[in-house]
Amino acid sequence: MASSSSSSSSRELQKELEAKANDLSKIQKDISKNHQVRKKYTIQLGENELVLKELDLLNEDANVYKLIGPVLVKQDLAEANANVKKRIEYISAKLKRLDSTLQDLEEKQNSKKEAIFKLQQRIQAGKAKA
């Protein structure tokens, strides 16, 4: 009788372990997606900072054009500067949010790993008793 109850609790622990492993896998996928999105925004930030440096080199009477679809449209230098600065602010804010999300995901990942490790130890201890 004792062996059937221990085997059923062992199966329950195994199911719990599988569920935690699946949760960990989902968290790791989310972390991977976050890294990909963060990389994209980091590249955009670098490009926009480069554009801002180039705009700063121009004289105030220089012609500036913005690509809208297939058409180049003339734009005021001050307006172009303001647009690029707003884009840099937006991208920087987005990167901060992504960093915060990443930190939360990594904390969840670490706690899941810890829970899985403790569960594995319980399973091992149960097998040692049997």
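Residues numbered from 1 in each chain as written. Predicted model: local features only at pLDDT ≥ 70, side-chain atom pairs only at ≥ 80, totals over all residues. Heavy atoms only, no water.

### Observations concerning the overall build of the protein chain
Threshold: In DSSP terms, a helix is any run of H or I states spanning at least four residues, a strand is any run of E spanning at least two, and both are numbered starting from the N terminus. Radius of gyration: over C-alpha atoms. The globule rule applied is 2.2 Å multiplied by the number of residues raised to the 0.38 power. When a residue's accessible area, from a 1.4 Å probe over protein chains only, is under 20% of the maximum for its type it is buried; when over 50% it is exposed; and in between it is partly exposed. Residue contacts are defined here by distance: any two heavy atoms, one from each residue, within 4.5 Å place the two residues in contact.
Along its length, the protein chain carries 2 helices and 2 strands. Traced from its N-terminal end to its C-terminal end, the protein chain shows the element sequence α-β-β-α. For the protein chain, the C-alpha radius of gyration of 27 Å lies well beyond 14 Å, the compact-globule estimate for 130 residues. Referenced to the eigenvectors of the C-alpha coordinate spread, the extents of the protein chain come out at roughly 90 × 25 × 15 Å. For the protein chain, buried positions account for 21% of its 130 residues. Put simply, of all contacts in the protein chain between residues at least 6 apart along the chain, 75% involve residues at least 24 apart.

### Considerations on the pattern of salt bridges
What counts is decided by this rule: Salt bridge, as used here, is a side-chain nitrogen of Lys or Arg placed within 4 Å of a carboxyl oxygen of Asp or Glu.
Under the definition given, this model contains 3 salt bridges. Salt-bridge contacts for Lys112 lead to Asp23; the nearest nitrogen and oxygen are separated by 3.3 Å. Placement of Lys112 in helix H2 (residues 77–129) and of Asp23 in helix H1 (residues 2–57) is noted, with a sequence separation of 89 residues between them. Put simply, Asp99 and Arg38 hold a salt bridge, and the shortest N to O gap is 2.5 Å. Highlighted residues: Asp99 in helix H2 and Arg38 in helix H1, separated in sequence by 61 residues.

### Brief notes about a nonpolar patch on the surface
Condition: Two joining distances apply to patches: 9 Å for like charges and 5 Å for nonpolar side chains (Val, Leu, Ile, Met, Phe, Trp, Tyr), and every residue must have over 30% relative accessible area and no salt bridge. Using a 1.4 Å probe, the Shrake-Rupley method yields the accessible areas, and only the shown protein chains count as cover for residues.
The grouping of Tyr65, Leu67 and Leu72 at the surface amounts to a nonpolar patch, some 350 Å² of accessible area in total. Summarising the element assignment, Leu67 is placed in strand S1 (residues 64–68).

### Some thoughts on the packing of aromatic side chains
Note the following rule: Two aromatic rings, drawn from Phe, Tyr or Trp (for Trp, its six-membered ring), form a pair once their centres lie within 6.5 Å of each other, and the interplanar angle then sorts them: stacked below 30 degrees, edge-to-face above 60, tilted otherwise. Charge over a ring is defined by NZ of Lys or CZ of Arg lying within 6 Å of the ring centre and within 35 degrees of the ring normal.
Per the counting criterion, the structure on display carries 0 aromatic pairs. It is Lys40 that lies over the ring of Tyr41; its NZ or CZ is 5.2 Å from the centre.

### Considering the pairing of S1
Two faces make up the sheet, and in a regular strand the side chains alternate between them. How we decide: A strand pair is defined by DSSP finding two or more bridges across the two strands.
As defined by bridge partners, S1 adjoins strand S2 (residues 71–75) across 5 bridges and the pair is classed as antiparallel. Paired with Ile68 across the two strands is Val71, which belongs to S2. The hairpin turn running from S1 into S2, its antiparallel successor, is 2 residues long, and Gly69 in that turn takes a positive phi close to 65°.

### Considerations on the confidence of the model for the protein chain
The following threshold applies: Each residue carries a pLDDT score, the predictor's confidence in it, ranging from 0 to 100.
In this model, the protein chain carries an average pLDDT of 91, and 94% of its residues clear a pLDDT of 70 or more. The lowest-confidence element of the protein chain is H1, averaging 90 in pLDDT; the highest-confidence one is S2, averaging 95.

### Brief notes about the side chain of Gln109
Along the chain, Gln109 turns up in helix H2. Residue class for Gln109 comes out buried when judged on its relative accessible area of 14%. Sequence-distant contacts of Gln109, that is, excluding residues within four places in its chain, are made with Leu24, Ile27, Gln28 and Ile31.

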